[in-house]
Amino acid sequence: MKFLMLHGINHNMFGKRDPKQYGTTTLAQIDGELQALGGELGVAVESFQTNYEGAMVERIHQAYFDGVDGVMLNAGAWTHYSYGIRDALAILTCPIVELHMSNIHAREAFRHHSVFADIVQGQIAGFGVDSYRLALRTAVSHARARAQA
């Protein structure tokens, strides 16, 4: 099974950006942990990060053609306003798990709304790097359940 981790805008700055909210773990470390967990779960995990909305949309389109079994998405600020990314995600037929390191519901009011909420399997927020681990486990579980159905 193949899973895709999509990292959004500014995530290349993890480890440097606002350590109070996001900790000091780098994006490379997060991706390494996902690779290791994927190995334990017997699945392949590919990660993609971009600061360009169009590049994110094109990678989502490619995920459709690649037939990925699940997607984990931390879109960052795009979560709250990118209807382009939302519409691209809606093309996918696999489980999509939205995740955030910080608890977006305990932050500024504009962060409380996700334009992806009605098309994702669910949302995981507020557990730091563990949000990524939980998202992968959830995506794998739901993809396996679909495959058995």
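So, here is what we can say about the structure in this document.

Between helix H2 (residues 27-41) and helix H5 (residues 130-148), the shortest axis-to-axis distance is 10 Å and the interhelical angle comes to 35 degrees. In the packing of H2 onto H5, the handedness of the crossing is right-handed. Counting all contacts with H2, which are made through Ile30, Glu33, Leu34, Leu37, Gly38, Glu40 and Leu41, the residues of H5 involved are Tyr132, Arg133, Leu136, Arg137, Val140 and Arg144. Of the residues contributing to the contact of H2 with H5, the split by class is seven nonpolar, one polar and five charged.

Turning our eyes to something else, we now look at the nonpolar core. The biggest cluster of nonpolar side chains holds 23 residues, and the ones touching the most others in it are Phe3, Met72, Tyr132 and Leu136. Of all the elements in the fold, those that place two or more residues in this core are strand E1 (2-7), H2, strand E4 (96-100) and H5. No other element matches H5, which puts six residues into this core. In this view, Phe3 contacts Val43, Ala44, Val45, Glu46, Asp69, Gly70, Met72, Leu136, Ala139, Val140 and Ala143; residues no more than four positions away in its chain are not counted. Of all hydrophobic cores here, the second largest spans 20 residues; its members include Val57, Val68, Cys94 and Val115.

For the rest of this paragraph, the subject is the sheet that holds E4. Across a sheet, strands are paired by hydrogen bonds formed along the backbone, either parallel or antiparallel in direction. One open sheet accounts for five strands, arranged E2-E1-E3-E4-E5; its pairing is parallel. Two strands bound the open sheet, and with one partner strand each, they are strand E2 (44-49) and strand E5 (122-125). Strand-to-strand twist of the sheet, defined as the mean angle between neighbouring strand axes without regard to direction, takes the value 20 degrees. Sheet strands touched by helix H3 (residues 53-66): E1 and E2. Its angle to E1, the strand with the most contacts, is close to 175 degrees. The strands that H5 touches are E1, E2, strand E3 (70-74), E4 and E5; relative to E4, the one it contacts most, it runs at about 170 degrees.

Moving on, we get to the environment of Pro95. On the secondary structure map, Pro95 appears in the loop between helix H4 (83-89) and E4. For Pro95, a relative accessible area of 2% corresponds to the buried category. Taking the C-alpha atoms as reference, Pro95 lies 5.0 Å from Gly70; in sequence the two are 25 residues apart.

A few words now on the pattern of salt bridges. Under the criterion given, the structure shown has six salt bridges. Where Arg86 meets Asp87, a salt bridge forms, and the shortest distance between an N and an O atom there is 3.5 Å. Taking relative accessible area as the criterion, Arg86 reaches 18% and is therefore assigned buried. The network of salt bridges with common partners includes Glu33, Asp130 and Arg133.

On to H3, then. Taking 1.5 Å as the rise per residue, H3 with 14 residues should run 20 Å; its terminal C-alpha atoms sit 20 Å apart, in good agreement. Those residues of H3 that fall on the buried side of the exposure criterion are Met56, Val57, Arg59, Ile60 and Ala63. Projection of H3 onto a plane perpendicular to its axis shows the buried side chains occupying an angular sector of 160 degrees, all on one side. When the buried face of H3 is taken as reference, the exposed residues oriented beyond 90 degrees from it are Glu58 and Phe65. For H3, the secondary structure elements touched by its buried residues are E1, E2 and H4. Count one or two residues on from H3 and you reach Gly67, which has phi positive near 65 degrees.

Each value, and the rule that gives it
- Residues numbered from 1 in each chain as written.
- Predicted model: local features only at pLDDT ≥ 70, side-chain atom pairs only at ≥ 80, totals over all residues.
- Heavy atoms only, no water.
- Axes fitted to C-alpha atoms, helices over the stretch in contact; angles between N-to-C directions.
- Helix = DSSP H or I, 4+ residues; strand = E, 2+ residues; numbered from the N terminus.
- Left-handed = near helix turned anticlockwise from the far one by under 90°.
- Contact = heavy atoms within 4.5 Å.
- Nonpolar A, V, L, I, M, F, W, Y, C, P; charged D, E, K, R; others polar.
- Core = buried A, V, L, I, M, F, W, Y, C linked by side-chain atoms within 4.5 Å.
- Buried < 20%, exposed > 50% of the residue type's maximum accessible area, 1.4 Å probe, protein only.
- Pairing = 2+ DSSP bridges.
- Salt bridge = Lys/Arg side-chain N within 4 Å of Asp/Glu carboxyl O.
- Expected span 1.5 Å × (residues − 1).
- Arc of directions from axis to C-beta.

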